Each structure stands twice: as structure tokens, then as C-alpha cells.
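Given next are the chains, with one letter for each unit.
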Amino acid sequence: MEDSLYPLDDDPRIKLTIGTKQHGDADGQFAFPAGLAFDHRRGLLLVVDTTNCRVQVFSCDGDGDDGGSLVSKFGEQGDQPGQFQLPYGIAIDHDHDRIFVTDRDNHRVQSWSLSNQSFLSCVGRRGSRDLEFDYPRGIAVDKHHRRIILTDTLNHRLVFLSSVDLSFLFKVGGIQGPEPGRFSYPSGVAVDRERHRIIVSDTLNYRVQVLSLIDGSFLFEFGSKGDQPGQLNNPQGLCTDNQGRIIVADGVNRRLQAFTHEGHHISSLHCGRGWPSAVAFDEQRGLIAFTAGHRVHVIGAN
């Protein structure tokens, strides 16, 4: 019975597992990790350790005992600059040597140095106007347009900020609804640079929306509520890989689902007892990392 609850423990596709089945606050342990980002230039994996209000950084080079060692950590609980209250999403901007973290319950975005992980700046407060947020969650970097995109979850919108100075640029959505281009508690966001698109997990509309990277206009959607292949139940984080496939953390269904760039279902990976909330792709090494419960697993993209 125990093995059936944790099928990933015996899955030969798993190259690396970090964390323990039970939550903890010791180094290398997590309490509901919710955000992931690969620093592919340094061979590192950054994990947002949400309830412990910190980010932990691990080596992801090597398999088994050779990988998953803790390199550093930053952040602590609080509401001052450089502190977190349930941080959630994370993204890396190599061009400006920065890490961006959505500080969910402080209703703001913080930036940190990628090189030395020192605190740089923060922007935001609770509200619905420009540079105000309501429990922001997902975040992604649009390198081409020098901006970051975040899911302003309880405001049911995407917000676009300058990646240079975190100034407000524009927003998409803002009225909750099932219509194309509207959202209901959006959570994950990813950029498909190859196809100039934004991919958004529209959580309580039980779908994924695909938008233009230029202006956020609606292109198409896929998914519906259910537990069959291609259906979704509270989709969370997502990412794209080098082949354009869209990988979705299908939360309540406790699985990852892979789709073509056109939104057609390819395959599923069941996570057992753990609820997946975040997924990230390492474009250098062809690895996919995902959270499941209080652990992080790394698999090959194929």
C-alpha cells in the first residue's frame, strides 16, 4: 500500500529526488514547494520552499548521490524587503543577472541577484490598480521584450512589468469569467519564445490558454474539467520544452500531462499521493523538474 502511494520512488525515469515525504524545515527539506526554476548556465535548480518562506538552491548535475546537494538558500519569513510571506513563483532573467520571486501573501514581486543572491528590490502592495496585486503566483521572463509576466491570481489577470526596473507596462484580463482572454484564478505562466506565445494555466476554468506574446491577445485554449487524458482539474504550474511541448502540473488529478504545442494530449505521469504544483524545464540538459507533495523530482524530458 505504501509503495502505491509513492509510485515515483520506483520509477526508473526519475533521475533525482530532493526532499522527504514529510514536510520539514531543515536544509534540503521542504514544506509545500510551489515554484521551480533552472539556472541552466550554472547547473542549479532553485526551489521556492513556500511554507518555510525561503528559496533553496541545489546542484542538479549528476545522478543519485552526485546531484541534489544544497548550494545556498535565501529569504526568511516577514514583510520587510528581502523577507517572504508564502512565496510562490520564481523566474530567472540571465540577461540582467536577476531572480524574480512572487511574494504571494505580501502581494508583491521581489528581485534578487542571480550571482550572489543578495536582495535588490521589490514592488507591489495589495490592490487592483497598477503595481498592485492580489496573491500573485506564477511568473515568467519575456527576454525579447525585456519584461516579466505574472499571474495576479485573485485579480484574475496577467500583469506585464519591465524586467529592467519593474515598472508597470500593461495588463490582460481583470474580470473573472470563462470567455476567451478572461481568467478564473490563473496560476502558472510560461513563455514559448520559439512561437512568440504565452501559456497560462487558467485554474478554475480548468483549461490552458495560449496568448500572443506581443500583446496578450487570445489565440486558443485547450482542456476541460475532468480526469481523462487531456482533461484538467485545477491545473497549476506549467512549462514548455525544447520541442515546444507544454507540460502541465494537473493538480487535483495528481499527474503531469504533456501536450503538443497545439494543445493535443501526448502522455501523463502519475505522481501518486503527491499533488504537483510546479514544473520547470532545463533547456541545457533536457531535464524536467516538478514538485509532488513535499519533494522535488527530476526526470529526462523524453
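Residues numbered from 1 in each chain as written. Predicted model: local features only at pLDDT ≥ 70, side-chain atom pairs only at ≥ 80, totals over all residues. Heavy atoms only, no water.

Draft legend 1. A look at the overall build of the protein chain. Within the protein chain one finds one helix and 24 strands. Principal axes of the C-alpha set define a box for the protein chain whose edges measure 50 × 45 × 30 Å. The buried share of the protein chain, reckoned over its 302 residues, is 58%. Of the accessible surface of the protein chain, which amounts to about 12300 Å², a share of 45% is contributed by carbon and sulfur atoms. In the protein chain, 31 positive and 38 negative side-chain charges are present, and the distance between their average locations comes to 4 Å. (Helix = DSSP H or I, 4+ residues; strand = E, 2+ residues; numbered from the N terminus. Buried < 20%, exposed > 50% of the residue type's maximum accessible area, 1.4 Å probe, protein only. Areas by Shrake-Rupley, 256 points an atom, 1.4 Å probe, with all protein chains shown as cover. Lys, Arg positive; Asp, Glu negative; His and termini not counted. Charge placed at Lys NZ, Arg CZ, Asp CG, Glu CD.)

Draft legend 2. Representation of the side chain of Gln-83. Inspection of the secondary structure puts Gln-83 in the loop between strand 5 (70-74) and strand 6 (87-93). Residue classification places Gln-83 among the buried positions, given a relative accessible area of 15%. At a separation of 2.9 Å, a polar atom in the side chain of Gln-83 contacts the side chain of Glu-76. For Gln-83, the residues in contact, after removing those within four places along its chain, are Glu-76, Gln-77, Gly-78, Asp-103, Asn-106, Arg-108 and Gln-110. (Polar contact = N/O pair within 3.5 Å; in protein donor to acceptor, adjacent residues only side chain to side chain. Contact = heavy atoms within 4.5 Å.)

Draft legend 3. A look at the environment of Thr-20. Positionally, Thr-20 belongs in the loop between strand 1 (14-19) and strand 2 (33-39). For Thr-20, a relative accessible area of 31% puts it in the partly exposed group. Each C-alpha atom, one on Thr-20 and one on Val-296, is 9.0 Å from the other, the two residues being 276 residues apart in sequence. Leaving out residues up to four positions away in the same chain, Thr-20 has contacts with Gln-29, His-294 and Arg-295. Polar contacts involving the side chain of Thr-20 include one to the main-chain carbonyl oxygen of Gln-22, which spans 2.6 Å. Separated by 3.4 Å, the side chains of Thr-20 and Gln-29 make a polar contact.

Draft legend 4. A look at the pattern of salt bridges. One pass over the structure, following the stated rule, counts 23 salt bridges. The shortest N-O distance in the salt bridge between Lys-73 and Asp-27 comes to 2.6 Å. Taken together, the residues span a long stretch of sequence, with Lys-73 in strand 5 and Asp-27 in the loop between strand 1 and strand 2 at a distance of 46 residues. A relative accessible area of 43% means that Lys-73 is categorised as partly exposed. Residue classification places Asp-27 among the partly exposed residues on the basis of a relative accessible area of 47%. Measuring nitrogen to oxygen at the nearest pair gives 3.0 Å for the salt bridge that ties Arg-42 to Asp-39. You can call Asp-39 buried: its relative accessible area is 1%. (Salt bridge = Lys/Arg side-chain N within 4 Å of Asp/Glu carboxyl O.)

Draft legend 5. Layout of the sheet that holds strand 6. Spatial ordering of the open sheet is given by 6-7-8-9, a layout of four strands whose pairing is antiparallel. Here the strands that pair on one side only, and so sit at the sheet edges, are strand 6 and strand 9 (119-123). This sheet shows a mean twist of 20° between the axes of neighbouring strands, independent of strand direction. Summarising the sheet, strand 8 (residues 108-113) and strand 9 pair through four bridges and their orientation is antiparallel. Paired with Trp-112 across the two strands is Phe-119, which belongs to strand 9. (Pairing = 2+ DSSP bridges. Axes fitted to C-alpha atoms, helices over the stretch in contact; angles between N-to-C directions.)

Draft legend 6. The sheet that holds strand 11 (residues 147-152), seen in detail. Taking strand neighbours across the sheet as the criterion, the four strands line up as 10-11-12-13 in an open arrangement whose pairing is antiparallel. Across the chains shown, the open sheet's two edge strands, defined by having one partner strand only, are strand 10 (136-142) and strand 13 (168-173). Each strand of the sheet is rotated relative to its neighbour by a mean of 20°, with strand direction disregarded. Sheet topology places strand 11 next to strand 12 (residues 157-162); six bridges connect them, and they run antiparallel. Within strand 12, the residue paired with Ile-148 across the bridge is Leu-161.

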